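Summary of the model geometry
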Amino acid sequence: MRIEVSCKDRLGITQEVLSIVVQHRVNLTGIELGHRRLFLKLPGAATHTLNAIIKDLVKISGVNHACLVPFMPSEREHYEFNIVMDAMPEPIFSVDKKGVVLVANQATKNFFKQAAESYQNTEIIGKNLNTFCHNLEIENLTKDSNNQFGLHVSCFGENFIADSFPVCLGNDENNRISGAVIYLHSMNRIGKQLAAFQNHNQSRALDQILHQCERMKSVVAEAQRVASLQATLLVVGDTGTGKELFARACHEESERRDKPFLALNCAALPENAAETELFGSALGNHEASDFHGKPGLIELAEGGTIFLDEVGDMSPYLQVKLLRFLQDGRFRRVGSQDEIRIDVRVICATHHDLPALVEQKRFRGDLFYRLKVLTLNLPTLKERGPEEIQFLAEHFAKESSQQIQRPCPKFSKPALDLMQNYHWPGNVRQLENAIFQAVTIVETAIIEPMHLRLPYHLTQEESAPLQDPYFEREMRLDEAMKHYEKHLLESLYPKYPSTRKLGKRLGISHTAVANKLKEYGLMSTVKNS
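Only a predicted model underlies this, so the values are computations on that prediction, with no experimental measurement involved.

To continue, consider the packing of helix 14 (residues 386-404) against helix 16 (residues 427-441). At a minimum axis separation of 9 Å, helix 14 and helix 16 run at an interaxial angle of 50°. With respect to their mutual orientation, helix 14 and helix 16 come out oblique. As helix 14 packs across helix 16, the resulting crossing turns out to be right-handed. Where helix 14 approaches helix 16, its residues Ile 389, Leu 392, Ala 393, Phe 396, Ala 397, Glu 399, Ser 400, Ser 401, Gln 403 and Ile 404 are matched on the opposing element by Val 428, Leu 431, Glu 432, Ile 435, Phe 436, Val 439 and Thr 440. Grouping the constituent residues of the contact of helix 14 with helix 16 by class yields 11 nonpolar, 4 polar and 2 charged.

If you want it as structure tokens, here you go:
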């Protein structure tokens, strides 16, 4: 345990403090002096003994206060330094004048363990620099007190850019450099950072939205026109069409790009939680989760953009409060009577038909017209056309392959046909997830329909047997299923005239298809290849 003593700067006060420790016969292993503070390290002392020492210390003339503390100042500094070092993503380590590693951060240890396959002991502490780093001589790093930057280094076959900082200890001018601290920068990370910097400064955000078809070109051009405006923007589109992506891009294209972009899904939270999240809570509001109050997303987005996703699911009460804010930029925190004025741009999104909700009295008409100052209507993936689906699928396949570090597979024609004819209820997001899964599970260089694993969807032709008058009769479940199965096979085999093709379409083996065709007397009309 440790004791902190706050005291006046008086001659002899330290000796009196130490005499108290001696009187209680406690082992003192460390003492640190600060500005009008003393710190005593007393390991192993019982709690009642420490309390007795504190009582005696405060009796000393000039001692203002004494209490238990968890750390000595040097210990706290050491712990915080280690936390900072271990948070660094790149290897940082120190060596002595012989090149032996003395201290290393976690990134260094992790890299050494992964790369040093030839070592039985994967601990880097105590290893010599020359055993794992090439083109980095300790004599050159410690010959003078100058820092060295941009050194090209190879460690276990991986290239780095190294910065070296000599460590100077003591006052001896002839032998004052005791080692060096070395910071290795990964070439791969430097490249990514440079690319991110260039993309941020040279590329328009809307230009990064993947598209090829004329319909999307028109939407992107419209988004570029409305992005710089300050009026409320309503983005309408089905789930997975990229509503938040367009909202973020419009923010990045505006003068507010250097300010926050904050989003709230209005359908994901109950009314009271959504209100607090959006408008904040007042000081001392017992109903809020934070007794001391907190700012809402609108306040935190000051000068920037607030994005309200699924605004069609907002409760009637919140609709009123949002309408008031849109009218004059003022609102009250939950539990407060004080009005706050904030400058933010509001972008909303919904997959609902808001005019229909207004007609059904489920959405306020006055709020709808406030939101519909500017509008972007995003097409579904199916509306973007088959060529767009192929373009996006090939892009996602390449992206997924790079992510999991494997060669990029191609799509077979049946797989492309399946994707281009599928209805894609989840739109671009569903396509991206389906491609990632296919790239992950495929074991060859070709993605087939079976790798896509799309949820089964009946076409109008395939669902026709369900409208058969036969189903209006009373029957057993197994009888109805067999009747439907027969009609389904009869409707599909002209399109898939072999047991193998028909099996792939239905997701079962060709043997199972052959047995069912034989059972229903359809085998003679279907080829078995």
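Having seen the structure, we can now continue with the description.
This part takes up the packing of helix 9 (residues 271-279) against helix 11 (residues 316-328). Helices that pack against each other are described as a pair by the angle of their axes relative to one another and the distance between those axes. Direction vectors running N to C along helix 9 and helix 11 enclose 20°, while the axes themselves pass 10 Å from each other. Overall, the two elements helix 9 and helix 11 adopt an arrangement that is roughly parallel. Crossing geometry of helix 9 relative to helix 11 is assigned as right-handed. On helix 11, the residues touching Glu 271, Ala 274, Glu 275 and Phe 279 of helix 9 are Tyr 317, Leu 318, Lys 321 and Leu 322. For the contact of helix 9 with helix 11, the class distribution of residues is 5 nonpolar, no polar and 3 charged.

Once that is clear, we can look at the confidence of the model for the protein chain. Reading fine detail from the predicted coordinates is not recommended where pLDDT is low. In the predicted model, the protein chain carries a mean pLDDT of 82, and the fraction of residues at 70 or more is 86%. Counting interchain partners and residues more than four positions distant, the pLDDT-below-50 stretch residues 198-203 has 3 contacts. Of the regions scoring below 50 in pLDDT, residues 285-292 engages in 12 contacts with residues more than four places distant in sequence or in other chains.

Thresholds, definitions, all that
Residues numbered from 1 in each chain as written. Predicted model: local features only at pLDDT ≥ 70, side-chain atom pairs only at ≥ 80, totals over all residues. Heavy atoms only, no water. Axes fitted to C-alpha atoms, helices over the stretch in contact; angles between N-to-C directions. Helix = DSSP H or I, 4+ residues; strand = E, 2+ residues; numbered from the N terminus. Parallel < 35°, antiparallel > 145°, perpendicular 65-115°, else oblique. Left-handed = near helix turned anticlockwise from the far one by under 90°. Contact = heavy atoms within 4.5 Å. Nonpolar A, V, L, I, M, F, W, Y, C, P; charged D, E, K, R; others polar. pLDDT = per-residue confidence, 0-100.

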